[in-house]
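Overview (structure and organization)
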Amino acid sequence: MSAFRRIGELTIAHLINDIYAPILMALQPVLITMYGYGYFEAALLPVVHSLTSSLLQPLFGYLADNKGIKVSIGISILLSGIGVSVLGLIPNQYYIMLLCVALSGVGHASFHPGALCQVSILATGSSRGKLTSLFVVGGNMGMALGPIIAGIILTTGGVPQVIWLIVPAIATALFLHVNPITDCCNIKQEKTSEGKENWRPVMLLFTGATLRSWVTFGAMTFLPTYLVLEGYSLLEATTLVSIMMIAGVAGQLSGGALSDRIGRKKVIVFTTLASIPAFIAILLTHGLFLILSMMIFGFLLWSSFSVTIALSHEMIPSKIGLISGLFLGIAMGAGAIGVSISGAVADMAGLYTCLETFPVILMVSVIIFMMVKSSSPHPNQD
């Protein structure tokens, strides 16, 4: 089986696994306007999901690196789906909802490190950026489809119909049980010379990625409510956010391929910087210009995501699982904590003021990315 086909299988699994987290974002306007939740309470649901995932992903990554222990991808997807889908049955039971969201976070956490361990072994040399971006795009597609699916369900049947979202998880888990993805992950990965592993640039890259995640999750969480308050229907708002994220998928593929040619750091710095005026335009425009601004913002901001992961793998190739857990786990979770802070700012000063802080956060992220000195074996990556 070719590396491309094997990564293609992992990409499809990634798509299904990542459908469920953005459902929590799509629920925000309904929980706030129909069930009386505050911005902070509503935002805490995706925060709990991200925190659970972020805290456990490095652990699963360590086990994948050193013990070869990985949770079945099918089980991971099943947990992700069940934890979110049952929210349709308990919209008034807030603390039970938090527990269910945490369960979904466990499934999310167990999926990524093991899968990226396999991707890193398959995606080597000059194709690393392109093949890593292909896998990551699966998650982006899931995150883009999630709000559309949720918007249709919430518009046509209300919150109770969310339970039907359990069907894709069950179907995928059964398919993977009958047709398991071959485990190609060799835990004896490439080792750097003892004492030569330099974690400083990885930590700088990690810090910048954390701030970028803050804005990424913040945009996904608050833009639907912002658009509804601007006069768009719930379905229109969720669809626009999905369009933004679909543009991000195109950005991922373009950024990954471009980074193989001109260097990963150049792509990371430029696209993150260019996303700042695009976000400002979202707050200043309406109609067609707003749609175009959201598409450009999504394309640019998401372009550097898989590139950051590929560069971190090249920096310390002996700790692929752990680093994957840090970037897809801790960085995402810390970014989600930022979203809860943004929710508190929105409660105190208004949603528009909250959104106005995002360009500043992105600018700090750009400065940190510029400080990264790559130890990549590929000379054009620094």
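Residues numbered from 1 in each chain as written. Predicted model: local features only at pLDDT ≥ 70, side-chain atom pairs only at ≥ 80, totals over all residues. Heavy atoms only, no water.

1. A word on the overall build of the protein chain
For clarity, the threshold we go by: Working definition: helices are DSSP H or I runs of at least four residues, strands are E runs of at least two. Numbering for both runs from the N terminus. Radius of gyration here uses only the C-alpha atoms, and the compact-globule reference equals 2.2 Å multiplied by the residue count raised to the power 0.38. Exposure categories follow from relative accessible area, calculated using a 1.4 Å probe and restricted to protein chains: below 20% of the type maximum is buried, above 50% is exposed, and the middle band is partly exposed. In what follows, a contact means two residues having at least one pair of non-hydrogen atoms within 4.5 Å. Method for areas: the Shrake-Rupley scheme with a 1.4 Å probe, in which residue coverage is limited to the protein chains shown.
Helices and strands together make up the secondary structure of the protein chain, namely 16 helices and zero strands. Expected size for 382 residues packed as a compact globule is a radius of gyration near 21 Å; at 19 Å, the protein chain falls within 12% of this value. Dimensions of the protein chain, computed from C-alpha atoms along their principal axes, come out at roughly 55 × 45 × 30 Å. The 382 residues of the protein chain split such that 60% are buried. Pairs at least 24 apart in sequence give 85% of the contacts found in the protein chain among residues at least 6 apart. Approximately 14,600 Å² of the protein chain is accessible, and the part contributed by carbon and sulfur atoms is 70%.

2. Structural notes on the environment of Ala346
Relative to the helices and strands, Ala346 resides in helix α14 (residues 320-349). On the basis of relative accessibility, which here comes to 3%, the residue Ala346 falls in the buried class. Considering only alpha carbons, one finds Ala346 and Leu131, 215 residues apart in sequence, at a separation of 39 Å. Ala346 has contacts with Tyr39, Leu351 and Cys354, leaving out every residue within four places of it along the chain.

3. Description of the domain arrangement of the protein chain
Quick note on the threshold: Domain borders in the structure are assigned automatically or taken from a domain database. The salt bridge definition used is simple: a Lys or Arg side-chain nitrogen within 4 Å of an Asp or Glu carboxyl oxygen. Any pair of N or O atoms that falls within 3.5 Å is considered a polar contact. Within protein, one atom must be able to donate a hydrogen and the other to accept it, and sequence-neighbouring residues count only if both atoms are side-chain atoms.
If you check the domain split of the protein chain, you get domain 1 (1-185) and domain 2 (196-375). Distance from the C-alpha centre of domain 1 to the C-alpha centre of domain 2: 18 Å. Run the count over domain 1 and domain 2 and you get zero salt bridges. Joining domain 1 to domain 2, the criterion identifies five residue pairs in polar contact (both at pLDDT 80 or more).

4. Regarding the pattern of salt bridges
Overall, the coordinates contain two salt bridges when judged by the stated rule. Notably, a salt bridge pairs Asp260 with Arg264, separated by 3.0 Å at the nearest N-O pair. A relative accessible area of 19% means that Asp260 is categorised as buried. Residue Arg264 pairs with Glu314 through a salt bridge whose shortest N-O separation is 2.8 Å. Taken together, the residues Arg264 in helix α11 (residues 264-284) and Glu314 in helix α13 (residues 305-315) connect sequence positions 50 residues apart. Accessibility assignment for this pair places Arg264 and Glu314 in one class, buried. Each of the salt bridges in this network shares a partner with another, and the network as a whole consists of Asp260, Arg264 and Glu314.

5. Details of the environment of Glu236
Residue position: Glu236 is located in helix α10 (residues 234-262). For the pair Glu236 and Pro224, spaced 12 residues apart in sequence, the C-alpha to C-alpha distance is 8.9 Å. Among the polar contacts listed, one links the side chain of Glu236 to the backbone nitrogen of Ser233, at a separation of 2.9 Å.

6. Let's talk about helix α7 (residues 128-156)
What counts, and what does not: Given a helix with a known number of residues, its expected span is that number minus one, times 1.5 Å. Here the bend at each residue means the angle between axes fitted to two seven-residue stretches, the one ending at that residue and the one beginning there.
Between its first and last C-alpha, α7 extends 43 Å over 29 residues, near the 42 Å set by a 1.5 Å rise per residue. By the largest-angle criterion, Val136 marks the main kink of α7, which is about 25°. Summarising burial for α7: 21 of the 29 residues are buried, a large majority. Directly beyond the C-terminal end of α7, a positive phi value near 85° is found at Gly158.

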